[in-house]
Amino acid sequence: MEKLYYENQYQTSFTAEIINVIEKKNKYHIELDKTCFYPEGGGQPSDTGYINDAFVSFVYEEEGIIYHVVEIKPLKIHRVKCSIDFDKRYDYMKQHLGQHILSAVILNLFNANTIGFHLGLNSTTIDLDKVISSDDINTAQKSANEIVSNNINVEVIYPTKSELKKLSLKKIPLKAGEQVRIVKIGDIDISPCGGVHPNSTIEVQLIKVIKLEKYKTGLRIEFLCGQRAVSDYISKHEDIGKMSKLLSCNNSNVLSEVERLSGELNKALTQKRALKAQVAEYEVQNMLVSAQKIQDVKILKCIYDNGDLKYINTLATKLVSNSKVIILFGVTSNDKANLLFMCSKDLNIISMGDLLRDAITLIDGKGGGSNFSAQGGGKNNNNLDSSLDYAYSKIKESISPISN
């Protein structure tokens, strides 16, 4: 099969003969006598496009044959007009060449090898075999973009075995009877690669690292090239413009303004927490004064509609820090119901965990806990009153069975 994409990576259309059609899972895998469609491989996704009016969604190579996957079965074996989505192809070419450049720079500057490469629809990643600093990445990015702007020629060579031995290549993925394809970027990089790339580094336009994260024992670098990087810049510039308008400041002052507002917000949140704690203290005292009593045990039974569960939990914890107090709280939130049962450490009347497990069945819920604290949730808000009444009656029986 003629691989036209190696002869001219900029070719967008061609005419070919259908050799064979294989049906698999209601899709048709077409073999042509020649193709411009690049099959998935070497970290680079396959081309997409059309064979006549049939959309080619995926292209792959298997045992030396390239298959083009479509959903419409060709009417007969005949010559067909084919075209690829060149915008997508050209984007992939730029991302792939950008990877070669960035990997080469990082290896040359910091002796970090690229051990993984993935070219995605939105970004590209390379995995390094060791961790390097963000300052080092910035240095590599600057150097990589200098290579891009220097308009260095990209060559593809097919060396003989004797020529191959003279090249300083660490790993050569050679199959029996296969000729090695080498991509050479001036004096910057030389490596075996089956992908398609632009003819010059200038076509990459721009390399921009957007994210760093630890990966296994090394580092994963996410970056953008070409129009992806340009579009990302435009989008972020527009976002900064919108933020500066909201903050009534210049674009150059957005960061300092956000830092100022962040400081004010943290201060306000600290004050809010302090005020909330004070309010809780007052609320606790008022609740203890008005609490129902059975003998010398204070019982607080209450339902909070759309309450803040975290605050109510804090309130309950403060209440049971006092002597001989039992809390039976219900909290509603949208279509859910929660139960929160607590008691003081000096009470050993009834297990809160056992009590909640029984009471929560009335709201079709699940939960549990210890002798002193238990909580859970259910879906039946309508029975929340009944659930708390049941718990109250069981406590009453345990404290004073004769008084019932």
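Preceding this paragraph is the structure being described.
Report follows, based on the coordinates. (Residues numbered from 1 in each chain as written. Predicted model: local features only at pLDDT ≥ 70, side-chain atom pairs only at ≥ 80, totals over all residues. Heavy atoms only, no water.)

### Concerning the nonpolar core
Nonpolar side chains in soluble globular proteins tend to end up buried together.
Now for step 1: Ile101, Leu102, Ile106, Leu128, Ile132, Ile207 and Ile221 are the most contacted members of the largest nonpolar core, which totals 27 residues.
Now for step 2: Those elements that provide at least two residues to this core are α2 (86–110), β11 (124–128), α3 (134–149), β13 (182–185), β15 (207–215) and β16 (218–225).
Now for step 3: At six residues, α2 tops the list of elements feeding residues into this core.
Now for step 4: Sequence-distant contacts of leucine 128, defined by excluding residues within four places in its chain, comprise Ile106, Ala112, Asn113, Thr114, Ile115, Gly218, Leu219 and Ile221.
Now for step 5: Counting 23 residues, the second-largest nonpolar core is a separate cluster that includes Leu347, Leu355, Ala374 and Leu388. (Core = buried A, V, L, I, M, F, W, Y, C linked by side-chain atoms within 4.5 Å. Buried < 20%, exposed > 50% of the residue type's maximum accessible area, 1.4 Å probe, protein only. Helix = DSSP H or I, 4+ residues; strand = E, 2+ residues; numbered from the N terminus. Contact = heavy atoms within 4.5 Å.)

### Brief notes about the pattern of salt bridges
Now for step 1: Tallied over the full model, the rule gives 15 salt bridges.
Now for step 2: The partner of lysine 276 in a salt bridge is aspartate 308, with the nearest N and O atoms 3.4 Å apart. Remark: aspartate 308 occurs in the loop between β18 (297–305) and α7 (309–319) and lysine 276 occurs in helix α6 (residues 254–290); sequence separation between them is 32 residues.
Now for step 3: Under the relative-accessibility criterion, aspartate 308 is labelled partly exposed at 39%.
Now for step 4: Three or more residues are tied together by salt bridges with common partners; here these are Glu257, Arg260 and Glu264. (Salt bridge = Lys/Arg side-chain N within 4 Å of Asp/Glu carboxyl O.)

### Thoughts on the packing of aromatic side chains
Now for step 1: As enumerated under the stated definition, the model contains ten aromatic pairs in all.
Now for step 2: A centroid spacing of 5.5 Å and a plane angle of 65° characterise the contact between tyrosine 50 and phenylalanine 55, whose relative ring orientation is edge-to-face.
Now for step 3: Judged by its relative accessible area of 40%, tyrosine 50 falls in the partly exposed class.
Now for step 4: A relative accessible area of 41% places phenylalanine 55 in the partly exposed class.
Now for step 5: Measuring from centroid to centroid gives 5.3 Å for tyrosine 60 and tyrosine 67, while their planes differ by 25°, and the two rings are stacked.
Now for step 6: Owing to a relative accessible area of 8%, tyrosine 67 belongs among the buried residues under this scheme.
Now for step 7: Ring pairs connect the aromatic residues Tyr5, Tyr6 and Tyr38, which therefore count as one cluster.
Now for step 8: The ring of tyrosine 215 carries the charged tip of arginine 220 above its face, separated from the ring centre by 4.0 Å. (Phe/Tyr/Trp six-rings, centres within 6.5 Å; stacked < 30°, edge-to-face > 60°. Lys NZ or Arg CZ within 6 Å of the ring centre and 35° of its normal.)

### Focus on the layout of surface pockets
Now for step 1: By volume, the second largest pocket is sized at about 200 Å³.
Now for step 2: Lining the second largest pocket we find Arg273, Lys276, Ala277, Ala280, Asp308, Lys310, Tyr311, Thr314 and Lys318.
Now for step 3: Classifying every residue of the lining of the second largest pocket by side-chain character gives three nonpolar, one polar and five charged. (1 Å grid on protein atoms, 1.4 Å probe; cavity = no way out; pocket = protein on both sides within 12 Å on 5 of 7 lines; lining within 4 Å. Points joined across faces, edges and corners; volume = space filled by probe spheres on them. Nonpolar A, V, L, I, M, F, W, Y, C, P; charged D, E, K, R; others polar.)

### Some points on the sheet that holds β16
Now for step 1: Judged by pairing direction, the sheet is antiparallel, and its four strands sit side by side in the order β10-β11-β16-β15 without closing on themselves. Each edge of the sheet is formed by a strand with only one pairing partner; in this case those strands are β10 (114–119) and β15. Strand-to-strand, the axes of this sheet are offset by a mean angle of 20°, without reference to chain direction.
Now for step 2: Here β15 pairs with β16 via eight bridges, running antiparallel. The residue bridging valine 209 from the neighbouring strand is phenylalanine 223, located in β16. (Pairing = 2+ DSSP bridges. Axes fitted to C-alpha atoms, helices over the stretch in contact; angles between N-to-C directions.)

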